[in-house]
Each structure stands twice: as C-alpha cells, then as structure tokens.
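Given next are the chains, with one letter for each unit.
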Amino acid sequence: MSKSNANSEFISRNLARVAPSATMAVTQAAREMKAKGIDVISLGAGEPDFDTPDHIKAAASEAIAAGKTNYTNVDGISELKEQICYKFQRDNGLSYSFEQVNVSPGGKPVLFNALLATLNAGDEVIVPAPCWVSYPEMVRMVGGTPIIVKSESANGFKLSPAQLEDAITPRTKWLMLNSPSNPTGACYSRDELTALGEVLLRHPHVLVLTDDIYEHLVYDGFEFFTIAQVVPELYERTLTMNGVSKAYAMTGWRIGYGAGPEWLIRAMAKVMGQSTSNPCSVSQWAAVAALSGPHDFIAEWNKAYTARRNYVVKALNAIDGLTCLTPDGAFYVYPDCNDWIGQTTASGTLLSTDVDIAEAVLRESHIALVPGTAFHSSPHLRLSYATDMNSLKEACSRLSAFAKNLI
Ligand code: PMP
Ligand code: GLU
C-alpha cells in the first residue's frame, strides 16, 4: 500500500460526496489558535456558554455511585422515555407511548438514524435553506439526494408553501424542518406551520422530520409550536426530534430524542442495536433530571440571550456593509455581507466569497465565525452569541475595524 493520502480510493462513494462539518472545523481552528496563545473570540460553535445546572450533574454523580453504568435498553431507559412522554404532552400537547420514543447519543444521531433507516438510493429529502450544515450531508451519506430549497431574508429565511409544493416529487421521502433555525434563528409561527401542513396533506407519501432542538430558546414572547401539534393529521408521519444539548447546556453529554410512528422507532432501534448500542447510561440519568427538574434557569438564560442578541444585531447593523435581521430564537445571527464581496482587506486579501471573509476575519481579526456557504446560502456569516457580553462587544468592535480597513 502506498502513502496514506493516496488511499482515498478506499473511501465509499457516499462518503466521498460528503463535505466535512464546517461548524466543527471552525471550532477546531479557533481552539488551535487559542492553544498557540492567540486571543481568538469564538463565535463559531453553536454551544451554550452556560454550565450544566448542578442538579443535573448531581443526578449523574448519583447514577455513577449507584452503579448505573451498564448497557441499557438500546434506545433508552424507560425512566427517560417516561420523562420524554411527559415533556411532549406538557410542552407540545402530543401523546406518545414508550414504543414511539427513541433516545440516541445526541440530536444528530436521531436524525441520522431516521434517515439511515428510511432512505433508498435516489430518495429525495427537501431541506429548506439556509440550513444547518449536517442535514444535506447526512442525506448524502446514506445515499439519498438532498433537495435544497433556498429562502431569502425578505421571507424571514422561511420556506413558503408554494416553494414546498414545487419541491415535492414522487421521489420525496422527507421534508426536514428546523424551528428555531440554525443558522438564521428564524421561527415558524402556528399559521406558517399550518400552511406548510396543508401542502403536506395533499402529498401523503412525504414524511416530516422536525428538528426542535432550540424549542426553549425563543424571545420577545414568541410562542413555539411544532408541526404534529398544529396539524394533527401529520402525527402518523412525523418524527419530532429534540434533545437536551441546547436548552440545558448539555452538549457534551450526548443525549437527543425523537418521537414518531412505531415502525420508524423500531427501525431506528435496529440501527442502534447493530452500531452504537445505547446512549451513555449516566447521561441518560442526567437527562431524566433535566427533563423532570426545575426549568426556571431557562428563563434566566433567555434573558441573557435576549440582551446579547439585541446588542449584536444593533452593533452589526451599524457596521458598514453588514445587514442583519432580528431573529426570534436560537442563539445565532446571520448577517448579509454582500457589500464586502470584491473588497480587499488591510493585509491585501481579496474577498471573493463569504468563505474568504470568514477566513480573513479569523486570520486578521481573530474572530471565529461560520460562512453562509456552509449553510447553503451566501454571502452571509453566522455568529453565535452564546458567549459573554464582553467578548461580543470586543468582537463587534474588531469587525467594525475590519470593515473600516476594507478597500
Ligand atoms: N440540530 C441542530 C439544528 C443543531 O444546531 C444541532 C447542534 N449541534 C443539532 C441538531 C445536534 O445536536 P446534538 O449536539 O445534540 O447532536
Ligand atoms: N449545532 C452547533 C453548530 O451548528 C454545534 C456544531 C455542530 O454540531 O454542527 O455550531
């Protein structure tokens, strides 16, 4: 065998079609620069800066002390499924039995396992864009075809019913929805979901995968709804995915969950039984404490997120060449940076794309952010404001200086 990088012919055709995760890459690049002593402000990764609450950590310690460290049911312990069923009833008015619930090692695997369990080569998945980096790539990884449907800022970055109708073909298997959205923070109202639902009711072969992981991160009184709740006729063909990563600041614990039709949940458990087995037993007990425990800290955190969002939106709109909507949820803002395209930075770099901009901002201003290209909509930049206010102020002042030096 020859040198390692000459071995790419061994990579499967499906994986060769897949782009690496840009959000993971930018986070890694920022970490490496920090390790070299460079003062990088990390607005790349979408991860709460808050610590996991103490009562959740305590539940994990108790689980370890009590020896709850063995394999569990492949798709989750019944104590956690019980809490998930309560959660769906309490927050979303949705009733599920344990047989309709899947617990996976993070939100990502819930989505991935559902796609792996259902897609055949050439099956189409409608992905409204701007979309989270991983959706199209997961679809490709398992041999499906992502159909990326772009929406513009004028539509609040939301898929319209007409766009959905146009995108559906006999090969459509899934529509993926994500509200609040990563990367735009856009949230679908009850009426908007109802209108999309009306289209879906005309196409009974289309399943719906809704990623509600940012459900609790909504601001200014926005009322969250999920599609199976708003259009009950879709209940039988919807997988409602959620997780503890964002709302409870538990990204590293790796617990996500989904609820949907029994046939799908069984198929997803089959995938797990032959691949990952159960999610970490200790993390599952921590998630029981998260879902069943007090939720008042979420309102406190949301106050901080709201103040940060308000600051960042105003500061970005004051920078020459950036325009930015005020999103209803998640912890991202998604400014348009079209006016910077074609300009040259202080150190002589020509900015031809938003990837060039993100790289130049990292190299010259030491701010990590993610280019819109990664989310299939350019030219944009995604900034995560899940970090402290001082860092956000410093980042905006560095961006302002970056803009002033463009020629
Ligand atoms: N969906 C969206 C929209 C996300 O932003 C994330 C964040 N990584 C996930 C799913 C995955 O969450 P987890 O870290 O629980 O896998
Ligand atoms: N969801 C986060 C983000 O978009 C975490 C990284 C990832 O899983 O992609 O930054």
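Predicted model only: the values in this text are computed from it and were never measured.

*Asks:* How do you make sense of helix H3 (residues 54-65) when you look at a structure like this?
*Replies:* A turn of α-helix holds 3.6 residues, and therefore any two residues three or four places apart point the same way. Spanning twelve residues, H3 covers 16 Å between terminal C-alpha atoms, matching the ideal 16 Å at 1.5 Å per step. Residues of H3 that are buried include every one of Ile56, Ala59, Ala60 and Ala63, and no others. Along H3, the residues classed as buried sweep out an arc of 100° about the axis, all on the same side. Summarising the geometry of H3, the exposed residues directed more than 90 degrees from the buried face are Asp54, Glu62, Ile64 and Ala65. At its buried positions, H3 is contacted by helix H11 (281-292).

*Asks:* I'm lost on the nonpolar core in this one. Help?
*Replies:* Most often, soluble globular proteins have nonpolar side chains that are buried together. Formed by 105 residues in total, the largest nonpolar core has its most connected members in Trp174, Tyr248, Leu316 and Trp340. When residues of this core are assigned to their parent elements, the largest contribution, eight residues, is made by helix H12 (residues 296-317). Within the second largest apolar cluster, 20 residues are counted, among which are Leu164, Leu177, Leu196 and Leu200.

*Asks:* Just checking my understanding: could you explain the pairing of strand S4 (residues 145-150) for this structure?
*Replies:* Looking along a regular strand, one sees side chains alternate from face to face of the sheet. By the bridge criterion, six bridges tie strand S3 (residues 124-129) to S4 in an arrangement that is parallel. When the bridges of S4 are listed, Ala129 appears paired with Lys150. Note on the crossover from S3 through helix H6 (residues 134-141) to S4: the handedness is right-handed.

*Asks:* Hey, could you run me through the side chain of Thr226 in this one?
*Replies:* With respect to the secondary-structure elements, Thr226 resides in the loop between strand S6 (207-211) and helix H9 (227-230). Residue classification places Thr226 among the buried residues on the basis of a relative accessible area of 1%. Polar side-chain contacts of Thr226 include one of 2.6 Å to the side chain of Asp212.

*Asks:* Help me out: how do you make sense of the packing of aromatic side chains in this one?
*Replies:* Note on aromatic pairs: each is described by the distance of the centres and the angle between the planes. Overall, the coordinates contain 16 aromatic pairs when judged by the stated rule. Centre to centre, the rings of Phe50 and Tyr305 are 5.5 Å apart; their planes meet at 75°, and the pair counts as edge-to-face. With Phe50 in the loop between strand S1 (41-42) and H3 and Tyr305 in helix H12, the pair connects residues that are 255 residues apart, well separated along the chain. Take Phe50: its relative accessible area is 22%, and that puts it in the partly exposed class. Note on Tyr305: relative accessible area 1%, which makes it buried. A centroid spacing of 5.3 Å and a plane angle of 50° characterise the contact between Trp340 and Phe402, whose relative ring orientation is tilted. Here the residue Trp340 occupies a position in the loop between strand S9 (332-333) and helix H13 (354-365), and Phe402 occupies one in helix H14 (residues 389-404), the gap between them amounting to 62 residues.

*Asks:* Please clarify how the site of ligand 2 should be interpreted in this entry.
*Replies:* Residues in close proximity to ligand 2 include Thr23, Met24, Gly44, Ala45, Gly46, Lys108, Trp132, Asn182, Tyr214, Lys246, Tyr332 and Arg382, which together make up its full environment. Lys108 places a polar side-chain atom, nitrogen or oxygen, 3.1 Å from an oxygen atom of ligand 2. Here ligand 2 loses 88% of its free accessible area of 280 Å² to cover by the protein chains. Judged by the proximity of its atoms to the pocket grid, ligand 2 belongs to the largest pocket. Each residue belonging to the shell around ligand 2 can be placed in one class, and the counts come to five nonpolar, four polar and three charged.

*Asks:* When you look at the layout of surface pockets in this model, what are you seeing that I'm missing?
*Replies:* Here the idea is plain: a probe the size of a water molecule rolls over the atoms and shows the empty space left. Empty space within the largest pocket amounts to approximately 530 Å³. Looking at the largest pocket, it is lined by 25 residues, and the ones nearest its centre are Met24, Gly46, Lys108, Trp132 and Lys246. When contributions to the lining of the largest pocket are tallied by element, the ones reaching two or more residues are helix H2 (22-35) and helix H5 (107-118). Among the elements that make up the lining of the largest pocket, the one with the highest residue count is H2 (five residues). By volume, the second largest pocket amounts to about 300 Å³. Lining the second largest pocket are 16 residues, with Ala19, Ser21, Val133, Ser134 and Glu137 positioned closest to its centre.

*Asks:* Please clarify how the site of ligand 1 should be interpreted in this entry.
*Replies:* Around ligand 1, a shell composed of 14 residues is seen, among which Asn182, Asp211, Tyr214, Ser245 and Lys246 lie nearest. Lys246 has a polar side-chain atom sitting 3.4 Å from a nitrogen atom of ligand 1. One of the side-chain N or O atoms of Arg254 is found 2.8 Å from an oxygen atom in ligand 1. Isolated, ligand 1 exposes 390 Å² of accessible area, and the fraction of that covered by the protein chains is 92%. Of all the cavities here, the one that holds ligand 1 is the largest pocket. Class assignment of the residues belonging to the shell around ligand 1 gives a composition of five nonpolar, five polar and four charged.

*Asks:* How should the sheet that holds S4 be read in this particular structure?
*Replies:* Each strand in a sheet pairs with its neighbour through backbone hydrogen bonds, running either in the same direction (parallel) or in the opposite one (antiparallel). Sheet architecture is open: seven strands sit in the order S2-S8-S7-S6-S5-S3-S4, paired in mixed fashion. Where the open sheet ends on each side, the last strands, each with one partner, are strand S2 (101-104) and S4. Strand after strand, the sheet turns through a mean of 20° between neighbouring axes, direction not considered. The pairing of strand S5 (residues 172-178) with S6 spans five bridges and is parallel. Bridge assignment links Leu177 to a residue of S6, and that residue is Thr210. Along the sheet, helix H10 (residues 262-273) contacts S2, S5, S6, strand S7 (238-243) and strand S8 (256-259); its crossing angle with S2, the most-contacted strand, is approximately 25°.

Analysis parameters
- Residues numbered from 1 in each chain as written.
- Chains lettered and ligands numbered in written order.
- Predicted model: local features only at pLDDT ≥ 70, side-chain atom pairs only at ≥ 80, totals over all residues.
- Heavy atoms only, no water.
- Helix = DSSP H or I, 4+ residues; strand = E, 2+ residues; numbered from the N terminus.
- Expected span 1.5 Å × (residues − 1).
- Buried < 20%, exposed > 50% of the residue type's maximum accessible area, 1.4 Å probe, protein only.
- Arc of directions from axis to C-beta.
- Contact = heavy atoms within 4.5 Å.
- Core = buried A, V, L, I, M, F, W, Y, C linked by side-chain atoms within 4.5 Å.
- Pairing = 2+ DSSP bridges.
- Right-handed = clockwise from strand over helix to strand, strands pointing away.
- Polar contact = N/O pair within 3.5 Å; in protein donor to acceptor, adjacent residues only side chain to side chain.
- Phe/Tyr/Trp six-rings, centres within 6.5 Å; stacked < 30°, edge-to-face > 60°.
- Near = heavy atom within 4 Å.
- Areas by Shrake-Rupley, 256 points an atom, 1.4 Å probe, with all protein chains shown as cover.
- 1 Å grid on protein atoms, 1.4 Å probe; cavity = no way out; pocket = protein on both sides within 12 Å on 5 of 7 lines; lining within 4 Å.
- Sits in = over half its atoms within 2 Å of the grid points.
- Nonpolar A, V, L, I, M, F, W, Y, C, P; charged D, E, K, R; others polar.
- Points joined across faces, edges and corners; volume = space filled by probe spheres on them.
- Axes fitted to C-alpha atoms, helices over the stretch in contact; angles between N-to-C directions.

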